[in-house]
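Examining the three-dimensional arrangement
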Amino acid sequence: MTATKPTAPSRMADLAAFRAAVRAIAELDEDALAAAERQLTPRSLARGEHFLRAGDQAAEVIFVVEGVLREYFLLEDGTERTKAFVVEHQISGSLADLLSGEPSRASIVAEEPVRGLVIAHRALRALGERHPAWSTFGLRVKEGLLARKAQREYELLALDAAARYRAFAEQFPGLEARVAAKQVASYLGITAVHLSRLRRRRAGRATR
């Protein structure tokens, strides 16, 4: 992974995006925010570069300023099963692997060039001990992840492929143009051929 040192205006803009995103989740005062910002490290990932690989120890959390990350599981036959997409102003790090202390089961890769802010998970936990608002933030992030996990399970188990595709398009508007079709198909649990059919049907309805 390649660390970069952005220009001062870029650094300020990235921190402003970080502040806005975390304050949308929990009320954090200036001291709590400043304490976190001292721990943040800028990082850039090229397309196809991994933030985390299965088998490695998960130890960091990344706030995506720009770009798209994909979280996935790699099967024994080499097939990838997409777990989630992480877009601008969202957080990634594979929470289950961060908490387990075991080698990571998930991988996280950049689907397009990513600019982000990284903090060690242990540093984030230490912030929660010193600043209660960061504990609240962590709890709400976990609640949000659980809610998304429940929604994802519902979509995979209770909806047909067309309904899953509609849900994906609503949740991630414009994302199809930014990632490979095979990754979208993997996320939906269908083949690339089936995805192509769904796209044609949707395009046909849109032109009527």
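An account of the accompanying structure is given in this report.

1. Here we look at the side chain of E37
Positionally, E37 belongs in helix α2 (residues 30-37). Residues within four places of E37 in sequence aside, it is in contact with R11, L15 and R19.

2. Comments concerning the nonpolar core
Taken as a class, soluble globular proteins show a tendency for nonpolar side chains to be buried jointly. F18, L69 and W134 are the most contacted members of the largest nonpolar core, which has 34 residues in total. At the level of elements, α1 (8-23), α2, β3 (50-52), β4 (60-66), β8 (107-110), β9 (114-120), α4 (121-130) and α5 (132-158) are the ones that each hand at least two residues to this core. The contacts of W134, once residues within four sequence positions are left out, are F18, V22, L28, A32, L33, A36, L124, L127 and G128. Counting 16 residues, the second largest nonpolar core, distinct from the first, contains F85, V87, F168 and I190.

3. What to know about the sheet that holds β8
The strand order across the open sheet built from 4 strands is β3-β8-β5-β6, with neighbouring strands paired in antiparallel fashion. Each having just a single partner strand, β3 and β6 (80-86) make up the two edges of the open sheet. Each neighbouring strand pair of the sheet contributes to a mean axis angle of 30°, computed without reference to strand direction. Direction of pairing for β3 relative to β8: antiparallel, over a ladder of 2 bridges. Paired with H50 across the strands is V109, a residue of β8.

4. Regarding the environment of R19
In this structure, R19 sits in helix α1. C-alpha of R19 to C-alpha of E102: the two residues are 83 residues apart in sequence and 31 Å apart in space. Once residues lying within four places of it in the same chain are set aside, the contact partners of R19 are E30, L33, A34 and E37. Polar side-chain contacts of R19 include one of 2.7 Å to the side chain of E30.

5. Topic: the pairing of β6
Relative to β6, strand β5 (residues 69-74) runs antiparallel, the two sharing 6 bridges. Opposite L69, over in β6, you have V86 as the bridge partner. Turn length for the β5-β6 hairpin, with the two strands adjacent in sequence and antiparallel, is 5 residues, and the turn residue G78 shows positive phi of about 95°.

Reading the values: rules and limits
- As a convention, each chain's residues are numbered from 1 in the sequence order in which they are written.
- It should be noted that, the model being predicted, local features are given only for residues of pLDDT at least 70 and side-chain atom pairs only at 80 or more, the latter also being counted only at that level, while totals for whole chains, interfaces and linings use all residues.
- Note that water and hydrogens are dropped before the side-chain values are worked out from all heavy atoms of the structure.
- Think of it this way: any DSSP run of H or I at least four residues long counts as a helix, any run of E at least two long counts as a strand, and we number them from the N terminus.
- Any two residues whose heavy atoms approach within 4.5 Å are treated as being in contact.
- Residues belong to a common nonpolar core when they are buried Ala, Val, Leu, Ile, Met, Phe, Trp, Tyr or Cys residues joined through side-chain atoms within 4.5 Å.
- Only protein chains enter the accessibility calculation, which uses a 1.4 Å probe. A residue is then buried if its area is under 20% of the maximum for its type, exposed if over 50%, and partly exposed in between.
- Criterion used throughout: strands pair if DSSP finds at least two bridges between them.
- Between N-to-C directions, angles cover 0 to 180 degrees, with each direction set by a line fitted to C-alpha atoms, over the stretch in contact for helices.
- Think of a polar contact as two N or O atoms within 3.5 Å of one another; within protein, one of them needs to be a possible hydrogen donor and the other a possible acceptor, and neighboring residues in sequence only count if both atoms come from side chains.

Any functional reading would require information beyond the geometric quantities listed.
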